[in-house]
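Working through the structure, step by step
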Amino acid sequence: MSPRYADIIIDISHEAIDRTFQYRVPESLIGKIGIGSEVSIPFGRGNHVRNGYVVSFSEIPVFDEEKMKEIASVKEEGVPIESSLIALASFIKERYGSTMINALKTVMPIKEKVRGLTHKEVRLLISKEEALDKCALYRKKNAKAKIRLLEELMEDPVIPYTLVTGKLNISASTLNALQKEQVVVLEEEGYYRNVLQEQVKDEKGAVCGNPMKNTGSREIPNEQQQAAIDRIISDYENGKRDTYLLKGVTGSGKTLVYIEVIEQIAAMGKQAIVLIPEIALTYQTVKRFRKRFGDKVTIMNSRLSKGERYDQFERAKNGEVSVIIGPRSALFAPFPNLGIIVIDEEHEAAYKSEYPPKYHAREVAIERARMAGASVLLGSATPSVESFHHAMQGEYQLLELEGRANEKAELASVSVVDLREELKLGNRSIFSHHLKGLMAETLQRKQQIMLFINRRGFAGFISCRSCGYVFKCPHCDVSLTEHFPGTVREKLVCHYCGYERKKPVECPECGSKYIAGFGIGTQKVEEQVKIQFPEAKVLRMDMDTTKNKNAHEKILEQFANREADVLVGTQMIVKGHDFSNVTLVGVIAADLTLFDNDYKSAERTFDLLTQAAGRAGRGSLKGEVVIQTYAPEHYCIEAAAKQDYLAFYEEEKAYRSLLSYPPFCHVLAVFMEGKYYQGVVMLSEQLKKNLEIWGEKEKVRVIGPCDATIARINDRYRRVIYLKHKDYDSLVNVKNKAEAYLENSQLAKECFVSFDFDPVHSY
Ligand code: ADP
Ligand code: ZN
Ligand code: ZN
């Protein structure tokens, strides 16, 4: 039976995207209209003819059929970019589970309706995390207006001034107070253009004092790079579109391959999207692209407002730019003639959306490329097990770069230190004898050191050392972390909801005064370096020191200028930065991420260790890497020490296949969260029964329900059910049934339910 009614959106890329209108599909047009079709329709009282796009179809009218208008005609000439984005939204909705509206909002930048006449905007100056901290503080002082504004800004970091004074009803004095606190700033519209101007200024050498070579000359691809480029371009010229996996260690010259390929494809009148995990979107990379593509390249990042993002996308649509570099969401740049999508560091978890629809940028890129007739180029030193498996199966073409592009830069030599042996020898410090010795030598040679902790945040939990009592958040099932220990700002903070309290002087259980933080964080490492090497200058880079705008760049710049000898940091310091004077990299405790309870933890650890090792010896000086660990015999550590991806892949593949994990089996996490524990439990039990029935024929495995790893956040209870099946589509079928069921379930209305296919983190 053909669908008889079409849901149509009229004003695309406006807030009205929330609203669709149902129209009858006339007999004559059945079979000629699909999702994304551009149609002419009579609209409003006067029945003025307007253009709209078909978003979905149904068999049932939502209102009186008699009064329903009919689609007048369908445009057949050409396919506007909006159509293909709507089709992409439909793919996302089906494949990842979400409403069509949410899927549309994911692919379409929305233009702000309320643009103030004054063209003023209010911008958030601090990170979301810090904003949460602030809200907790304001709550205590009952500063409701401040909270209202911050909550809005956490949704969108830049909002029109008219919204602030209007709907939000924030007084000038409140805004002033927040400006004084350096939480927000009131500025003129059009900031993003300034962002680019700042970068142009940098290129003239005004700000960047990086001693790295900056010759004006054009890099010539070496033989391996040329071979990779030739393969892609000759396929392209022969009309063949494909997905390529470019595997090469950090420094092997992948970026030059991207640039060359894009340049040649752009010369054929096509456009390119380059996805880079935001954390790796470094100044150096951007500069290389701008050097080649000048004003034709633009950059997106999360600090742009919705409006600014919209403007960037307009520039892409009207041909002002032909290359866009950005994180996940840049994937939806409305280029009318897309030629290639590049995904650098394709293994990064950041490519998976953490909000519904929880899409994976790699898969959506491949679909978008298929629809647009474009190619996809994935790059990584440590490809995801999934992608490498696809390459081994011949679904992607594998292209390899061996060694480093800069011939003088040798790969570093890596040694592994068993921390259990250190303990036996009586060494309780966080530095092994071996690492400490090398640090002393490196400092003496006036070379630089990077010390890396593969964990986010600060020291671990805080507890009573006599009875073991752990301080927990009253709203979440997590322990509190210590901030600014030993200073006047000392406090305990919950990283999940922003709750904070003073550090207690004694244990509420046993009265002991011996309360202390456990575990190692970046602050502690910094402290230890200062104690052991008082003459060394130390910089620290973590969430705490990079909250302010540009803080990130400033720290890296100082380090590049050799204003410090040691850089201590989290994963932030291992991505993509090139420091030619760094000859020693120390990984303080490699196991920290190894035993996270999800199937990707070994892969993530291997990646982090390989990246960390790749930081040493980027210039002509030979580098050394020390990996400290309690599990030296783990295959992930052994393979990382040898920098042997294949050895890791083989072991990991065996493990995934044995335990039925991707890429051998697909996993669907159904996540539920609600205010009342009993309600969430009931919903999860009901859902489980039904999921078993819906999946019975295709033998879908249902695991759970159980409480999530963190069973409560912000006073909301969290549960999860896992489904497993070899075929993705079997899981999609079950998901579709679940969506229909949830729509009519009273219990579900009181909870939030979301779907996550092949989750990259456990729940
Ligand atoms: P990757 O992206 O694989 O990490 P990059 O593209 O950043 O590697 O290259 C690492 C370094 O080698 C950079 O400093 C880059 O300028 C240099 N480089 C890359 N290719 C060449 C080449 N063909 N000739 C000279 N230098 C190169
Ligand atoms: Zn105690
Ligand atoms: Zn909390």
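About the criteria used
- Residues numbered from 1 in each chain as written.
- Chains lettered and ligands numbered in written order.
- Predicted model: local features only at pLDDT ≥ 70, side-chain atom pairs only at ≥ 80, totals over all residues.
- Heavy atoms only, no water.
- Helix = DSSP H or I, 4+ residues; strand = E, 2+ residues; numbered from the N terminus.
- Buried < 20%, exposed > 50% of the residue type's maximum accessible area, 1.4 Å probe, protein only.
- Contact = heavy atoms within 4.5 Å.
- Areas by Shrake-Rupley, 256 points an atom, 1.4 Å probe, with all protein chains shown as cover.
- Near = heavy atom within 4 Å.
- Polar contact = N/O pair within 3.5 Å; in protein donor to acceptor, adjacent residues only side chain to side chain.
- Nonpolar A, V, L, I, M, F, W, Y, C, P; charged D, E, K, R; others polar.
- Donors = N, O, S within 2.8 Å, 3.2 Å for Na, K, Ca; no water.
- Tetrahedral: all angles 85-135°; square planar, octahedral: opposite > 155°, others 65-115°.
- Core = buried A, V, L, I, M, F, W, Y, C linked by side-chain atoms within 4.5 Å.
- Expected span 1.5 Å × (residues − 1).
- Axes fitted to C-alpha atoms, helices over the stretch in contact; angles between N-to-C directions.
- Parallel < 35°, antiparallel > 145°, perpendicular 65-115°, else oblique.
- Left-handed = near helix turned anticlockwise from the far one by under 90°.
- Pairing = 2+ DSSP bridges.

For the chain, the count of helices and strands is 23 helices and 30 strands. Within the chain, the fraction of its 763 residues that count as buried is 54%. Across the chain, the fraction of contacts at a sequence separation of at least 24, relative to all contacts at a separation of at least 6, is 74%. On the chain, roughly 34300 Å² of surface is accessible, and the fraction owed to carbon and sulfur atoms is 50%.

Taken together, 18 residues sit near ligand 1, with E219, I220, Q225, G251 and T255 positioned nearest. In this structure, I220 approaches ligand 1 through a main-chain N or O atom, which is 2.7 Å from a nitrogen atom. Burial of ligand 1 by the surrounding chains reaches 82%, relative to a free accessible area of 550 Å². Here the shell around ligand 1 takes three residues from helix α9 (residues 254-266), the largest share from any one element. A per-class count over the shell around ligand 1 returns five nonpolar, seven polar and six charged.

A word on the coordination of the zinc ion (ligand 3). C473 (SG), C476 (SG), C494 (SG) and C497 (SG) make up the full set of protein donors to the zinc ion (ligand 3), lying at 2.3 to 2.4 Å. Angles of 106 to 112 degrees at the metal separate the four donor atoms of the zinc ion (ligand 3), which places the site in the tetrahedral class. Sequence spacing among the residues donating to the zinc ion (ligand 3) works out to C-x2-C-x17-C-x2-C. One end of the pair, C476, is in the loop between β18 (462-464) and β19 (481-483); the other, C494, is in the loop between β20 (491-493) and β21 (500-501), with 18 residues separating them in the sequence.

In a soluble, globular protein the nonpolar side chains are often hidden away together inside. If you look at the biggest cluster of nonpolar residues, it comprises 106 residues, and the most contacted ones within it are I92, F332, V364, L567, L691 and L723. In terms of residue count, helix α1 (residues 81-96) provides more of this core than any other element does, eight residues in total. Not counting the four nearest positions on each side in its chain, F332 is found in contact with L85, L88, I92, T106, V107, F313, Y359, V364 and R368. If you look at the next biggest cluster of nonpolar residues, it comprises 26 residues, including V257, V274, I325 and L401.

Our focus in this paragraph is the coordination of the zinc ion (ligand 2). Surrounding the zinc ion (ligand 2) are the protein donor atoms C464 (SG), C467 (SG), C507 (SG) and C510 (SG), at 2.3 to 2.4 Å. One way to put it: the four donor atoms around the zinc ion (ligand 2) meet at angles of 107 to 113 degrees, and that makes the site tetrahedral. Here the donor residues for the zinc ion (ligand 2) map to a single chain with the spacing C-x2-C-x39-C-x2-C. Highlighted residues: C464 in strand β18 and C507 in the loop between β21 and β22 (515-517), separated in sequence by 43 residues.

Attention now goes to helix α11 (residues 306-317). Over its 12 residues, α11 runs 16 Å from end to end, which matches the ideal 16 Å to within 8%, given 1.5 Å per residue. In the segment just after α11, G319 is the residue with positive phi, at about 85 degrees.

Turning our attention to the packing of α1 against helix α2 (residues 100-107). At a minimum axis separation of 8 Å, α1 and α2 run at an interaxial angle of 125 degrees. Classified by the interaxial angle, the pair formed by α1 and α2 is oblique. Helix-helix and strand crossings are classified by hand; for α1 and α2 the assignment is right-handed. Facing α1, whose interface residues are L85, I86, A89, S90, I92 and K93, α2 presents M100, A103, L104 and V107.

All right, on to the pairing of strand β14 (residues 375-380) then. In terms of residue burial, β14 counts as a mostly covered element, since six of its six residues are buried. Burial along β14 is two-sided: S375, L377 and G379 and V376, L378 and S380, pointing in opposite directions, are all buried. In this structure, strand β13 (residues 338-343) lies alongside β14, joined through four bridges in parallel fashion. Looking at the pairing, V342 lines up with L377 of β14.

In this section: the sheet that holds strand β9 (residues 243-248). A sheet is described by the order of its strands in space; here seven strands give the open sequence β11-β12-β10-β13-β14-β9-β15, paired in parallel fashion. On the outer flanks of this sheet lie β11 (297-299) and β15 (397-401), each paired with one strand and no other. Averaged over all pairs of adjacent strands, the angle between their axes in this sheet comes to 15 degrees, without regard to strand direction. Note that β9 and β14 share five bridges and pair parallel. Across the sheet, residue L246 finds its bridge partner in β14, namely G379. Across the face of the sheet, α9 comes into contact with β9, β10 (271-275), β12 (323-326), β13, β14 and β15 while running at roughly 175 degrees to β13.

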